[in-house]
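So you can see what is in the structure, the chains are spelled out below.
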Amino acid sequence: MSTVRLFFALWPAPPLAAKLATWAEQARPSCGGRAMRTETLHLTLAFLGPVDAALADELAAATPERRLASEDITLDRYGVFGRQRILWAGPGDTPPGLQAAHDELWQWLDGFGLAAPPQPFRPHVTLLRNIEHATPPTDTPAPLPWRYDRMVLVASESLSGGSRYRIVAQSRPQN
Ligand code: 2AM
(Lines give C-alpha, C1' and ligand atoms only; values in the text may rest on other atoms or scores of the structure.)
Protein backbone atom coordinates (compact mmCIF):
# COMPACT_ATOMS: atom_id res chain seq x y z
CA MET A 1 0.00 0.00 0.00
CA SER A 2 1.37 3.46 -0.83
CA THR A 3 2.12 5.95 1.92
CA VAL A 4 2.51 9.71 2.12
CA ARG A 5 4.86 11.46 4.58
CA LEU A 6 2.81 14.18 6.24
CA PHE A 7 3.16 16.94 8.78
CA PHE A 8 1.11 19.89 10.04
CA ALA A 9 2.91 23.21 10.21
CA LEU A 10 2.64 26.96 10.52
CA TRP A 11 3.90 28.47 7.29
CA PRO A 12 5.35 32.01 7.46
CA ALA A 13 4.26 34.61 4.92
CA PRO A 14 7.07 35.54 2.49
CA PRO A 15 8.24 38.69 4.37
CA LEU A 16 8.71 36.72 7.59
CA ALA A 17 10.37 33.85 5.73
CA ALA A 18 12.80 36.37 4.21
CA LYS A 19 13.70 37.65 7.68
CA LEU A 20 14.22 34.09 8.89
CA ALA A 21 16.57 33.56 5.96
CA THR A 22 18.70 36.47 7.23
CA TRP A 23 18.83 34.73 10.63
CA ALA A 24 20.19 31.66 8.82
CA GLU A 25 22.77 33.73 6.93
CA GLN A 26 23.94 35.34 10.16
CA ALA A 27 24.49 31.95 11.80
CA ARG A 28 26.20 30.17 8.94
CA PRO A 29 29.73 31.55 9.48
CA SER A 30 29.83 30.16 13.03
CA CYS A 31 27.77 26.98 12.50
CA GLY A 32 28.49 25.88 8.93
CA GLY A 33 25.85 23.61 7.42
CA ARG A 34 23.28 24.10 4.71
CA ALA A 35 20.55 26.75 4.77
CA MET A 36 16.97 25.66 4.20
CA ARG A 37 15.50 27.28 1.10
CA THR A 38 13.50 30.35 2.14
CA GLU A 39 10.24 29.06 0.68
CA THR A 40 10.50 25.84 2.71
CA LEU A 41 10.88 27.45 6.15
CA HIS A 42 8.13 26.39 8.58
CA LEU A 43 7.28 25.54 12.18
CA THR A 44 6.08 21.95 12.59
CA LEU A 45 3.06 21.46 14.85
CA ALA A 46 2.74 17.71 14.35
CA PHE A 47 4.92 15.28 12.42
CA LEU A 48 2.83 12.31 11.29
CA GLY A 49 5.45 10.40 9.29
CA PRO A 50 4.35 8.03 6.55
CA VAL A 51 0.58 7.40 6.55
CA ASP A 52 -1.52 5.29 4.19
CA ALA A 53 -2.63 7.19 1.10
CA ALA A 54 -6.31 6.67 2.00
CA LEU A 55 -5.78 8.21 5.44
CA ALA A 56 -3.81 11.05 3.87
CA ASP A 57 -6.83 11.80 1.66
CA GLU A 58 -9.13 11.70 4.70
CA LEU A 59 -6.91 14.14 6.59
CA ALA A 60 -6.67 16.48 3.60
CA ALA A 61 -10.48 16.47 3.31
CA ALA A 62 -11.00 17.11 7.04
CA THR A 63 -8.30 19.78 7.58
CA PRO A 64 -10.30 22.70 6.08
CA GLU A 65 -12.95 22.09 8.79
CA ARG A 66 -10.44 22.76 11.53
CA ARG A 67 -10.13 26.19 13.13
CA LEU A 68 -6.94 27.56 14.62
CA ALA A 69 -7.16 30.39 17.14
CA SER A 70 -4.98 33.26 15.99
CA GLU A 71 -2.06 34.10 18.23
CA ASP A 72 0.96 36.40 18.31
CA ILE A 73 4.22 34.66 19.02
CA THR A 74 7.80 35.91 18.86
CA LEU A 75 10.80 34.06 17.48
CA ASP A 76 13.62 35.51 19.51
CA ARG A 77 16.34 32.96 19.96
CA TYR A 78 18.62 30.55 18.18
CA GLY A 79 18.79 26.97 19.32
CA VAL A 80 20.67 23.84 18.34
CA PHE A 81 19.60 20.19 18.23
CA GLY A 82 23.06 18.64 18.45
CA ARG A 83 22.13 15.07 17.56
CA GLN A 84 20.18 16.16 14.47
CA ARG A 85 22.83 18.82 13.68
CA ILE A 86 20.16 21.49 13.25
CA LEU A 87 20.27 25.19 14.01
CA TRP A 88 16.83 26.69 14.55
CA ALA A 89 14.96 29.86 15.46
CA GLY A 90 12.14 29.76 17.97
CA PRO A 91 10.39 31.33 20.93
CA GLY A 92 12.29 31.26 24.24
CA ASP A 93 9.42 29.50 26.02
CA THR A 94 6.63 27.60 24.33
CA PRO A 95 3.70 30.06 24.03
CA PRO A 96 0.62 28.59 25.83
CA GLY A 97 -1.66 29.12 22.81
CA LEU A 98 0.76 27.28 20.57
CA GLN A 99 1.06 24.44 23.07
CA ALA A 100 -2.76 24.26 23.17
CA ALA A 101 -2.93 24.21 19.36
CA HIS A 102 -0.40 21.36 19.34
CA ASP A 103 -2.29 19.40 22.03
CA GLU A 104 -5.71 19.89 20.38
CA LEU A 105 -4.31 18.88 17.02
CA TRP A 106 -2.96 15.63 18.45
CA GLN A 107 -6.28 14.98 20.23
CA TRP A 108 -8.00 15.30 16.89
CA LEU A 109 -5.39 13.10 15.18
CA ASP A 110 -5.95 10.46 17.86
CA GLY A 111 -9.42 10.03 16.32
CA PHE A 112 -7.65 8.95 13.11
CA GLY A 113 -5.56 6.38 15.00
CA LEU A 114 -2.44 8.56 15.11
CA ALA A 115 -0.52 8.88 18.38
CA ALA A 116 1.41 11.91 19.63
CA PRO A 117 5.16 11.47 20.11
CA PRO A 118 6.33 11.01 23.70
CA GLN A 119 8.76 13.93 23.64
CA PRO A 120 7.63 17.45 24.60
CA PHE A 121 6.75 19.97 21.91
CA ARG A 122 9.71 22.30 21.19
CA PRO A 123 8.46 24.82 18.60
CA HIS A 124 11.20 25.76 16.15
CA VAL A 125 11.92 26.74 12.57
CA THR A 126 14.88 24.80 11.22
CA LEU A 127 17.28 27.23 9.54
CA LEU A 128 20.46 25.19 8.94
CA ARG A 129 20.95 21.46 8.55
CA ASN A 130 24.17 19.41 8.87
CA ILE A 131 25.80 22.07 11.03
CA GLU A 132 29.47 21.52 11.88
CA HIS A 133 29.60 23.54 15.10
CA ALA A 134 26.88 23.87 17.73
CA THR A 135 27.75 27.52 18.23
CA PRO A 136 24.99 29.93 17.29
CA PRO A 137 26.04 33.59 17.09
CA THR A 138 26.09 35.38 20.42
CA ASP A 139 24.32 38.35 18.78
CA THR A 140 20.71 37.46 18.10
CA PRO A 141 19.04 39.45 15.32
CA ALA A 142 15.93 41.54 16.07
CA PRO A 143 13.04 39.38 17.38
CA LEU A 144 10.51 38.29 14.78
CA PRO A 145 6.83 38.71 15.67
CA TRP A 146 4.51 36.19 14.01
CA ARG A 147 0.71 36.30 14.03
CA TYR A 148 -0.49 32.95 12.74
CA ASP A 149 -4.11 32.12 12.00
CA ARG A 150 -3.99 28.82 10.13
CA MET A 151 -2.05 25.63 9.83
CA VAL A 152 -1.22 23.71 6.72
CA LEU A 153 -1.04 19.99 6.01
CA VAL A 154 2.14 19.26 4.07
CA ALA A 155 3.25 16.22 2.06
CA SER A 156 7.01 15.76 2.05
CA GLU A 157 8.83 13.91 -0.70
CA SER A 158 12.47 12.92 -0.32
CA LEU A 159 14.61 13.92 -3.28
CA SER A 160 18.37 13.67 -3.78
CA GLY A 161 18.86 17.40 -3.08
CA GLY A 162 16.62 17.46 0.04
CA SER A 163 12.87 17.38 0.60
CA ARG A 164 10.13 18.81 -1.55
CA TYR A 165 7.10 20.06 0.36
CA ARG A 166 3.60 20.25 -1.08
CA ILE A 167 0.78 21.96 0.85
CA VAL A 168 -2.23 19.68 0.45
CA ALA A 169 -4.76 21.42 2.74
CA GLN A 170 -5.09 24.24 5.21
CA SER A 171 -7.27 25.02 8.21
CA ARG A 172 -9.57 28.04 8.34
CA PRO A 173 -9.02 31.06 10.56
CA GLN A 174 -11.28 30.97 13.61
CA ASN A 175 -13.17 34.19 12.90
P1 2AM B 1 13.12 19.37 11.85
O2 2AM B 1 13.10 20.58 10.97
O3 2AM B 1 13.42 19.65 13.27
O4 2AM B 1 13.93 18.26 11.26
C5 2AM B 1 9.43 17.86 7.84
O6 2AM B 1 10.44 16.93 7.87
C7 2AM B 1 9.23 18.49 9.20
O8 2AM B 1 8.89 17.49 10.15
C9 2AM B 1 10.45 19.20 9.73
O10 2AM B 1 10.03 20.39 10.36
C11 2AM B 1 11.03 18.25 10.73
O12 2AM B 1 11.60 18.85 11.85
C13 2AM B 1 9.81 17.51 11.20
N14 2AM B 1 10.18 16.14 11.54
C15 2AM B 1 10.82 15.26 10.76
N16 2AM B 1 10.99 14.09 11.41
C17 2AM B 1 10.46 14.26 12.63
C18 2AM B 1 10.32 13.42 13.76
N19 2AM B 1 10.73 12.16 13.75
N20 2AM B 1 9.73 13.93 14.84
C21 2AM B 1 9.29 15.19 14.85
N22 2AM B 1 9.38 16.04 13.81
C23 2AM B 1 9.96 15.57 12.71
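Check the entry above for the structure.
This write-up is about the structure you can find in this document.

What counts as what
- Residues numbered from 1 in each chain as written.
- Predicted model: local features only at pLDDT ≥ 70, side-chain atom pairs only at ≥ 80, totals over all residues.
- Heavy atoms only, no water.
- Helix = DSSP H or I, 4+ residues; strand = E, 2+ residues; numbered from the N terminus.
- Rg over C-alpha atoms; globule rule 2.2 N^0.38 Å.
- Buried < 20%, exposed > 50% of the residue type's maximum accessible area, 1.4 Å probe, protein only.
- Contact = heavy atoms within 4.5 Å.
- Areas by Shrake-Rupley, 256 points an atom, 1.4 Å probe, with all protein chains shown as cover.
- Near = heavy atom within 4 Å.
- Polar contact = N/O pair within 3.5 Å; in protein donor to acceptor, adjacent residues only side chain to side chain.
- Core = buried A, V, L, I, M, F, W, Y, C linked by side-chain atoms within 4.5 Å.
- Salt bridge = Lys/Arg side-chain N within 4 Å of Asp/Glu carboxyl O.
- Phe/Tyr/Trp six-rings, centres within 6.5 Å; stacked < 30°, edge-to-face > 60°.

### A closer look at the overall build of the protein
Now for step 1: For the protein, the helix and strand inventory stands at three helices and twelve strands.
Now for step 2: Scaling as 2.2 N^0.38, a compact globule of 175 residues should have a C-alpha radius of gyration of about 16 Å, and the protein matches this with 16 Å.
Now for step 3: Based on the C-alpha atoms only, the size of the protein along its principal axes is roughly 45 × 40 × 30 Å.
Now for step 4: Taken across its 175 residues, the protein has 42% of its residues classed as buried.
Now for step 5: Put simply, 81% of the contacts in the protein that link residues at least 6 apart link residues at least 24 apart.
Now for step 6: Put simply, the protein shows about 9,300 Å² of open surface, and 50% of that area lies on carbon and sulfur atoms.

### Re the site of the ligand
Now for step 1: Residues in close proximity to the ligand include R5, F7, H42, T44, F47, I86, H124, T126, R129 and Y165, which together make up its full environment.
Now for step 2: A distance of 2.7 Å separates an oxygen atom of the ligand from a polar atom in the side chain of H42.
Now for step 3: With respect to the ligand, the side chain of H124 contributes an N or O atom lying 2.7 Å from an oxygen atom.
Now for step 4: Notes on the ligand: free accessible area 470 Å², of which the protein chains cover 69%.
Now for step 5: Contributions of two or more residues to the shell around the ligand are made by β1 (3-10), β3 (43-52) and β8 (125-129).

### Quick notes on the nonpolar core
Now for step 1: With 43 residues, the main nonpolar core has F8, L10, L20, L48, L109, L127 and W146 as its most contacted residues.
Now for step 2: Leave out the neighbours within four places in its chain, and L109 touches F8, A46, L48, L59 and L114.

### Describing the pattern of salt bridges
Now for step 1: Taken as a whole and assessed by the stated rule, the structure comprises six salt bridges.
Now for step 2: Residue R147 is joined to D72 by a salt bridge in which the shortest nitrogen-to-oxygen separation is 2.7 Å. Placement of the pair is R147 in strand β9 (residues 144-148) and D72 in strand β5 (residues 71-75), with a sequence separation of 75 residues.
Now for step 3: Overall, D72 belongs to the partly exposed group, its relative accessible area being 49%.
Now for step 4: The salt bridge involving D149 is made with R150; its shortest N-O contact spans 3.0 Å.

### Let's talk about the packing of aromatic side chains
To describe a pair of aromatic rings, one takes the distance between the centres and the angle between the planes.
Now for step 1: With the rule as written, the count across this model stands at six aromatic pairs.
Now for step 2: For the ring pair F81 and W88, a centre distance of 5.4 Å and an interplane angle of 50° mean the geometry is tilted.
Now for step 3: Here W88 falls in the buried class, since its relative accessible area comes to 3%.
Now for step 4: A connected cluster of aromatic rings, assembled from ring pairs, spans F7, W11 and Y165.

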